[in-house]
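# Examination of the molecular architecture
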Amino acid sequence: MRIVSLVPGHTETLFALGLGEKVVGVTAHCDYPPQATGKEQVGLFNRPDVGRIISLRPDLVLAGGAIHRGCVEELRRAGITVFDFAPRRVAELLEGMEEIVRITLAGEAGRSAVATFRARVAGLREKVARRSRIRVLFVMGEKTLVTPGPASCQYDALRVAGADLLPAAYEPAVLLSRSEIRRFNPEVILACGRVSGEPPKKRCPGCDLPERPCVRDVADMLNHPLLTGVDAVEKKCVHAVPCHWLCRPGPRLIDGMERVAQLLQKISRPLTG
């Protein structure tokens, strides 16, 4: 089987399920695992090149929902099988992994990998159920800030990890206002950024911020005018986390959930009664 992946998280899933050798094409954003960078590139995540995909003669293309709608229609008209998969919950991510195993005939190795991921998520849910939830705000953006909404896998991943999140409309992302942030008063603030000791990150291909990648240090958040005065800033419970912890629905999302849970455990309280 020849597989093309248009989504970084899907690419990571394919390699985790033992299907790396079947991958013949990826996007320029698919940079993990390192073996993925040696595959033929078929454009950017948000702008895949349909002609290049077809030229690779794939048996299967993994796409990522609305962002690939036009591309998916063209590929299907060309007679190519497409699994269009954009999970909005952790459970959907695991179900999608199982479907990939089925479609690709990944066999026992694939089924075993998914079973391990399921067990880790179940264990995390069990641990979190025994502790109080912590008010967490995950921020993205620069001058204006947005947070993942309930229609995103990030939101559900944070909930599984023990976070109490800002109530919001069922949207993938929600624009934040100063009044909403103050009212919610987060105890912990997270943002995609550079963890301590990590080297500066390269700008993602296709990024619209040529002067500054979508990466921030803790100091940026401590001094952001929309965030000042809340508990998280006053107590310096502000953390830059690597983007792959929360922003790529795939195997490493589970790693990120476990690490966020460990971080929150330090300030949560055991439930009694």
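Above this text you will find the structure in question.
This text gives an overview of the structure that appears in the document.

What counts, and at which threshold
- Residues numbered from 1 in each chain as written.
- Predicted model: local features only at pLDDT ≥ 70, side-chain atom pairs only at ≥ 80, totals over all residues.
- Heavy atoms only, no water.
- Helix = DSSP H or I, 4+ residues; strand = E, 2+ residues; numbered from the N terminus.
- Buried < 20%, exposed > 50% of the residue type's maximum accessible area, 1.4 Å probe, protein only.
- Pairing = 2+ DSSP bridges.
- Contact = heavy atoms within 4.5 Å.
- Axes fitted to C-alpha atoms, helices over the stretch in contact; angles between N-to-C directions.
- Expected span 1.5 Å × (residues − 1).
- Arc of directions from axis to C-beta.

## Thoughts on the environment of Leu94
- Among the structural elements, Leu94 can be located in helix α4 (residues 90-104).
- Residue classification places Leu94 among the buried residues on the basis of a relative accessible area of 4%.
- Along the chain, Leu94 and Leu222 lie 128 residues apart, while their C-alpha atoms are 35 Å from each other.

## Quick notes on the sheet that holds strand β7 (residues 81-84)
- Pairing in this open sheet of 5 strands is parallel, and the strands run β3-β2-β1-β6-β7 from one edge to the other. For this open sheet the edge positions go to β3 (40-41) and β7, each flanked by a neighbour on one side alone.
- Pairing geometry for strand β2 (residues 23-26) and β3, over 2 bridges, is parallel. Following the sheet pairing, Val26 is matched in β3 by Gln41.
- Sheet strands touched by helix α1 (residues 8-16): β1 (3-5), β2 and β6 (60-63). Its angle to β1, the strand with the most contacts, is close to 140°.
- Across the sheet, α4 touches β1, β6 and β7, and the angle it forms with β7 is around 165°.

## Things to note about helix α6 (residues 153-160)
- Counting buried positions along α6 gives 7 out of 8 residues, so the element sits mostly inside the fold.
- Taken together, the buried positions of α6 are occupied by Cys153, Gln154, Tyr155, Asp156, Ala157, Leu158 and Val160.
- Where α6 terminates, the next one or two residues include Gly162, which has phi positive at roughly 110°.

## What about helix α5 (residues 107-128)?
- The end-to-end C-alpha distance of α5, which contains 22 residues, comes to 32 Å, matching closely the 32 Å that a straight helix rising 1.5 Å per residue would cover.
- Looking only at α5, the buried set comprises Gly110, Ala113, Val114, Phe117, Val121, Leu124 and Val128. Buried residues of α5, viewed axially, fall in a sector of 90°; they line one side. Looking at α5, the residues exposed on the side facing more than 90 degrees away from the buried face are Glu108, Glu126 and Lys127.
- Elements in contact with the buried residues of α5: α1, α4, α6 and α10 (251-265).

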